[in-house]
Amino acid sequence: MQSKSISIAVIKRLPRYYRYLGELLAHDVVRISSKELSEKMGVTASQIRQDLNNFGGFGQQGYGYQVEYLYTEIGKILGLDKKNNLIILGAGNLGMALTNSTGLQKRGFEVIGIFDINPEVVGTSVRGIPVMHVNELEQFIKTHQVDMAALTVPKAVAPTLAADIVKWGVKAIWNFAPTDLQLPPDVVQENVHLTESLMRLSYKKKAAEEEKK
Ligand code: NAI
């Protein structure tokens, strides 16, 4: 399927479509109209049609969307039709939470190695995944298919560590450290900052309270 250049706003909405469609599939729903999908997701039907039209439109007039087909195609667009090997850098609270999350594996993200400097965790394993010393990182990256790296180390070490793994061949970084990484243009990054989300919640709460006054 040919996809034209897709806006980031649309790409940001695709994982949500994917999740809803996955739930429908799990409930053996075969097809759904954009109206039904819109009611479930709280997005307008026209938004859904517009979004999905970006990919040539998966719907048929009067029939709606074939759930499994749409789910599979969106999965392909998001690159979820193949397994992605992930390494976790920083085996602290967050790194462990990610490693223990079953959601990653369910979506095809396989944690193949965890790296840290703390002697108390190096040499242990989590869910059968070894925690190695960062000294072993270069060799590991050069001898394994590492598709992505999650950065869950303190802010102060994140930029240097990111530069190192990029030098050794990593092309995609899932950055949790509260710092903006300067990376070469052929390296992609996705920043996740829960506190920023919390600040947005704080703003919404404040705005809702002010509206009541
Ligand atoms: P933590 O202190 O529990 O874990 C950090 C781990 O990194 C430790 O195990 C430490 O030994 C390891 N480490 C330190 N230097 C290292 C190096 N050079 N190479 C490899 N490992 C190294 O901290 P926590 O709570 O897990 O947070 C980790 C990072 O994630 C911090 O930067 C924190 O600010 C950030 N964070 C981000 C959130 C978000 O929403 N993006 C939420 C919570 C934390």
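Conventions used here
- As a convention, each chain's residues are numbered from 1 in the sequence order in which they are written.
- Per-residue local features are limited, in this predicted model, to residues with pLDDT of at least 70; the limit for side-chain atom pairs, both in listing and counting, is 80 or more; totals at the level of whole chains, interfaces and linings are taken over all residues.
- Water and hydrogen atoms were dropped before computing side-chain values, which therefore reflect all heavy atoms in the structure.
- Only DSSP runs of H or I with at least four residues qualify as helices, and only runs of E with at least two residues qualify as strands; both kinds are numbered from the N terminus onward.
- Working rule for contacts: check all heavy atoms of both residues, and any pair within 4.5 Å makes them a contact.
- Strands pair, by our definition, only if DSSP identifies at least two bridges between them.
- Only the stretch in contact is used when fitting a helix axis, every axis being a line fitted to C-alpha atoms; angles between N-to-C directions are given from 0 to 180 degrees.
- With a 1.4 Å probe rolled over the protein chains alone, any residue whose accessible area is under 20% of its type maximum counts as buried; one over 50% counts as exposed, and the rest are partly exposed.
- Note: the arc covers the axis-to-C-beta directions of the helix.
- Note on definitions. A residue lies near a molecule or strand when any single heavy atom of the residue is within 4 Å of it.
- Here a polar contact is recorded for every N or O atom pair within 3.5 Å, except that within protein the pair must consist of a potential hydrogen donor and a potential acceptor, and residues adjacent in sequence are included only if both atoms are side-chain atoms.
- Values of accessible area rely on a 1.4 Å probe in the Shrake-Rupley scheme; residue burial ignores everything except the protein chains shown.
- Asp, Glu, Lys and Arg are counted as charged, while Ala, Val, Leu, Ile, Met, Phe, Trp, Tyr, Cys and Pro are counted as nonpolar; the rest, among them Gly, fall into the polar class.
- Each reported salt bridge corresponds to a side-chain nitrogen of Lys or Arg within 4 Å of a carboxyl oxygen of Asp or Glu.
- The labels follow the angle: roughly parallel below 35 degrees, roughly antiparallel above 145, roughly perpendicular from 65 to 115, and oblique for the rest.
- Whether a crossing is left-handed or right-handed is set by the direction in which the near helix is turned from the far one by less than a right angle, anticlockwise for left-handed and clockwise for right-handed.

Colleague: Honestly, the overall build of the protein in this entry has me stumped. Any pointers?
Modeller: Helices and strands together make up the secondary structure of the protein, namely 9 helices and 9 strands. C-alpha atoms of the protein, sized along the principal axes, occupy 60 × 50 × 35 Å. In the protein, of all internal contacts separated by at least 6 residues, the share reaching a separation of at least 24 is 57%.

Colleague: Hey, could you run me through the sheet that holds strand E9 (residues 188-191) in this one?
Modeller: Hydrogen bonds between backbone atoms are what pair the strands of a sheet, whose relative direction is either parallel or antiparallel. Judged by pairing direction, the sheet is mixed, and its 7 strands sit side by side in the order E5-E6-E4-E3-E7-E8-E9 without closing on themselves. Only two strands of the sheet have a single partner each, and these edge strands are strand E5 (125-126) and E9. One ladder, built from 4 bridges, connects strand E8 (residues 172-175) with E9; its direction is parallel. Bridging from a neighbouring strand, Ile173 pairs with Gln189 of E9. On top of the sheet, helix H8 (residues 158-167) reaches strand E3 (84-89), strand E7 (148-151) and E8; it is set at about 170° to E7, its chief contact.

Colleague: Just to check I follow, could you spell out H8 for this structure?
Modeller: Since there are 3.6 residues in each turn of an α-helix, residues three or four apart along the chain are aligned in direction. Every buried residue of H8 is accounted for by Ala158, Leu161, Ala162, Ile165 and Val166. With its buried residues spanning 135° around the axis, H8 presents them on a single face. Exposed and facing more than 90 degrees away from the buried side of H8 are Thr160 and Lys167. Those residues of H8 that are buried lie in contact with E3, helix H7 (137-143), E7 and E8. Looking at the residues trailing H8, positive phi occurs at Gly169, about 120°.

Colleague: Looking at this structure, how should I read the site of the ligand?
Modeller: The full set close to the ligand counts 21 residues, and Leu94, Asp116, Val153, Val192 and Leu194 are the nearest of them. One of the backbone N or O atoms of Leu94 is found 2.8 Å from an oxygen atom in the ligand. A distance of 2.7 Å is found between an oxygen atom of the ligand and a backbone nitrogen or oxygen belonging to Val153. Protein chains bury 73% of the 850 Å² of accessible surface belonging to the ligand in isolation. Looking at side-chain class alone, the shell around the ligand contains 13 nonpolar, 6 polar and 2 charged residues.

Colleague: Is there a simple way to think about the pattern of salt bridges in this case?
Modeller: Pairing between side chains of opposite charge can happen when their charged atoms approach one another. Scanning the entire structure with this criterion turns up 7 salt bridges. Taking the shortest distance from any N to any O, the salt bridge between Glu73 and Lys76 comes out at 3.1 Å. Placement of the pair is Glu73 and Lys76 together in helix H4 (residues 67-77), with a separation of 3 residues, close to one helical turn. Residue Lys76 is classed as partly exposed on the basis of its relative accessible area of 42%. In this structure, the salt-bridge partner of Asp186 is Lys171, at a minimum N-O distance of 2.7 Å. Here the residue Asp186 occupies a position in the loop between E8 and E9, and Lys171 occupies one in the loop between H8 and E8, the gap between them amounting to 15 residues. Judged by relative accessible area, Asp186 falls into the partly exposed class, the value being 46%.

Colleague: I keep staring at the pairing of E8 and nothing clicks. Help me out?
Modeller: On a regular strand, each side chain points to the face opposite its neighbour's, so the side chains alternate between the two faces of the sheet. Relative to E8, E7 runs parallel, the two sharing 3 bridges. Across the sheet, the residue bridging to Ala150 is Trp174, located in E8.

Colleague: Explain the packing of helix H2 (residues 34-41) against helix H3 (residues 45-53) to me, please; I cannot follow it from the model alone.
Modeller: Between two packed helices, both the angle of their axes relative to each other and the distance between the axes serve to describe the pair. Packing of H2 against H3 brings their axes to within 8 Å, and their N-to-C directions diverge by 110°. Comparing the axis directions of H2 and H3 gives the class roughly perpendicular. Seen from above, H2 lies across H3 with right-handed handedness. Counted together, Ser34, Lys35, Leu37 and Ser38 of H2 and Ala45, Ile48 and Arg49 of H3 form the full contact between these two elements. For the contact of H2 with H3, the per-class residue count stands at 3 nonpolar, 2 polar and 2 charged.

Any link to function would need more than the numbers given here.
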